[in-house]
Amino acid sequence: MPVCIACSRWGEGPLCSGCRFLLQPAAHSAVAGLQVASAFAHESVARRLVHLLKYQGNAPAGRILGSAMASVLPSDATALVPVPRALARKMRYGIDPAVSLARQVGFAAGLPVVPALRAQIWWLAHAGMDKASRRSPRFRTLQTAPSLSVLVDDVFTTGATLATAGSLLGISRAVTATRAGIGRCG
């Protein structure tokens, strides 16, 4: 019998109707010349799904988020470039959420995933920090991103990480699973 991955309710899965109802769309945003489309506001069930993916490698959570991200992807996108997780966190949790999401979005949209960036070994976690306390992570370019590529990441908070990755590759668009803070649609 299926179980809802967000609330553990029996009989409905992967998400029960109550949890699906709690998923709130997020407004599109712009930061540092980057247009960002996010599938959901980083609240309630969406926040839980991101947590399940990032820290437990929950594949159904990734499929739900990736499918929703594909629906807000720019229609002229030619490739997806994941914003990689620091190597130490990838090793600790066994997953790179942006790579997993890019694969899901790519599968749904029929687009290739281009590993154009390499992350540092480690950087300070940003969760719970305000904008002034955050430092942009550093990336190394592995290859050129195709024209009209779109960055993929799990959470859009201040945009510092996406802006750093975008400026390094010359990419001006991104899609994320959730948008933290103000930006929820009515």
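Quantities reported herein were computed from a predicted structural model and do not represent experimental measurements. Per chain, the residues get numbers from 1 upward, laid out in the order the sequence is written. Totals for whole chains, interfaces and linings use every residue, but because this is a predicted model, local features are given only for residues with pLDDT of at least 70 and side-chain atom pairs only at 80 or more, for both listing and counting. Water and hydrogen atoms were dropped before computing side-chain values, which therefore reflect all heavy atoms in the structure.

Novice: Help me out: how do you make sense of helix α5 (residues 97–109) in this one?
Specialist: Two residues of an α-helix separated by three or four positions point the same way, owing to the 3.6 residues in each turn. Only DSSP runs of H or I with at least four residues qualify as helices, and only runs of E with at least two residues qualify as strands; both kinds are numbered from the N terminus onward. A helix is expected to span 1.5 Å for every residue after the first. With 13 residues, α5 extends 18 Å from end C-alpha to end C-alpha; this agrees with the ideal 18 Å at 1.5 Å per step. Using a 1.4 Å probe on the protein chains alone, a residue whose accessible area is under 20% of its type maximum counts as buried, one over 50% counts as exposed, and one in between counts as partly exposed. Among the residues making up α5, those that are buried are Pro-97, Ala-98, Ser-100, Leu-101, Ala-102, Val-105 and Gly-106. Contact partners of the buried residues in α5: α2 (44–56), α3 (59–71), β3 (79–82), β6 (149–156) and β7 (173–179). Trailing α5 by a residue or two, Gly-110 shows a phi angle of about 70 degrees, which is positive. By definition in these notes, contact holds between two residues if any of their heavy atoms fall within 4.5 Å.

Novice: Would you explain the nonpolar core in this entry?
Specialist: Generally speaking, a soluble globular protein has its nonpolar side chains buried in company with each other. Here, the term nonpolar core denotes a set of buried Ala, Val, Leu, Ile, Met, Phe, Trp, Tyr and Cys residues that are joined through side-chain atoms within 4.5 Å. Judged by nonpolar contacts, the single largest core of 35 residues is most densely connected at Leu-15, Leu-49, Leu-65, Met-69 and Leu-73. For this core, the secondary-structure elements that each account for two or more residues are β2 (34–41), α2, α3, α5, β6 and β7. Those residues in contact with Leu-65 that sit more than four places away from it in its chain are Phe-40, Leu-49, Val-50, Leu-53, Leu-101 and Ala-177.

Novice: What is the right way to read the packing of α2 against α3 from this model?
Specialist: It is the contact of α2 with α3, at a shortest axis distance of 8 Å, that shows an interaxial angle of 125 degrees. The orientation of α2 with respect to α3, classified from their angle, is oblique. Viewed along their axes, α2 and α3 form a crossing whose handedness is left-handed. Together, Leu-49, Val-50, Leu-52 and Leu-53 of α2 and Ala-61, Gly-62, Ile-64 and Leu-65 of α3 make up the contact between the two elements. For helices, the fitted axis covers only the stretch in contact; all axes are lines through C-alpha atoms, and the angles between them, taken along N-to-C directions, range from 0 to 180 degrees. Put simply, angles under 35 degrees are roughly parallel, angles over 145 are roughly antiparallel, angles from 65 to 115 are roughly perpendicular, and the rest are oblique. Left-handed describes a crossing whose near helix is turned anticlockwise from the far helix through less than a right angle; right-handed describes the clockwise counterpart.

Novice: Help me understand the pairing of β3 in this model?
Specialist: Taken residue by residue, a regular strand's side chains alternate between the two faces of the sheet. The alternating pattern of β3 places Ala-79 and Val-81 and Leu-80 and Pro-82 on opposite faces, both of which are buried. Taken together, the 4 bridges between β3 and β6 define a ladder with parallel strand orientation. Residue pairing across strands places Pro-82 opposite Val-152, the latter belonging to β6. For two strands to pair, DSSP has to find at least two bridges joining them.

Novice: Sorry if this is basic, but what is going on with the pattern of salt bridges here?
Specialist: Where side chains of opposite charge bring their charged atoms close, a pairing between them can arise. Counted as salt bridges are all cases of a side-chain nitrogen of Lys or Arg within 4 Å of a carboxyl oxygen of Asp or Glu. This structure, assessed with the given rule, holds 2 salt bridges. In this structure, Asp-154 engages Lys-54 in a salt bridge whose closest nitrogen and oxygen atoms are separated by 3.2 Å. Here Lys-54 lies in helix α2 and Asp-154 lies in strand β6, a separation of 100 residues in the sequence. For the pair Asp-154 and Lys-54, a shared accessibility class is recorded, and that class is buried. The shortest N-O distance in the salt bridge between Arg-173 and Asp-76 comes to 2.5 Å. Separated by 97 residues along the polypeptide, Arg-173 in strand β7 and Asp-76 in the loop between α3 and β3 bring together distant segments of the chain. Using a relative accessible area of 37% as the deciding quantity, one classes Asp-76 as partly exposed.

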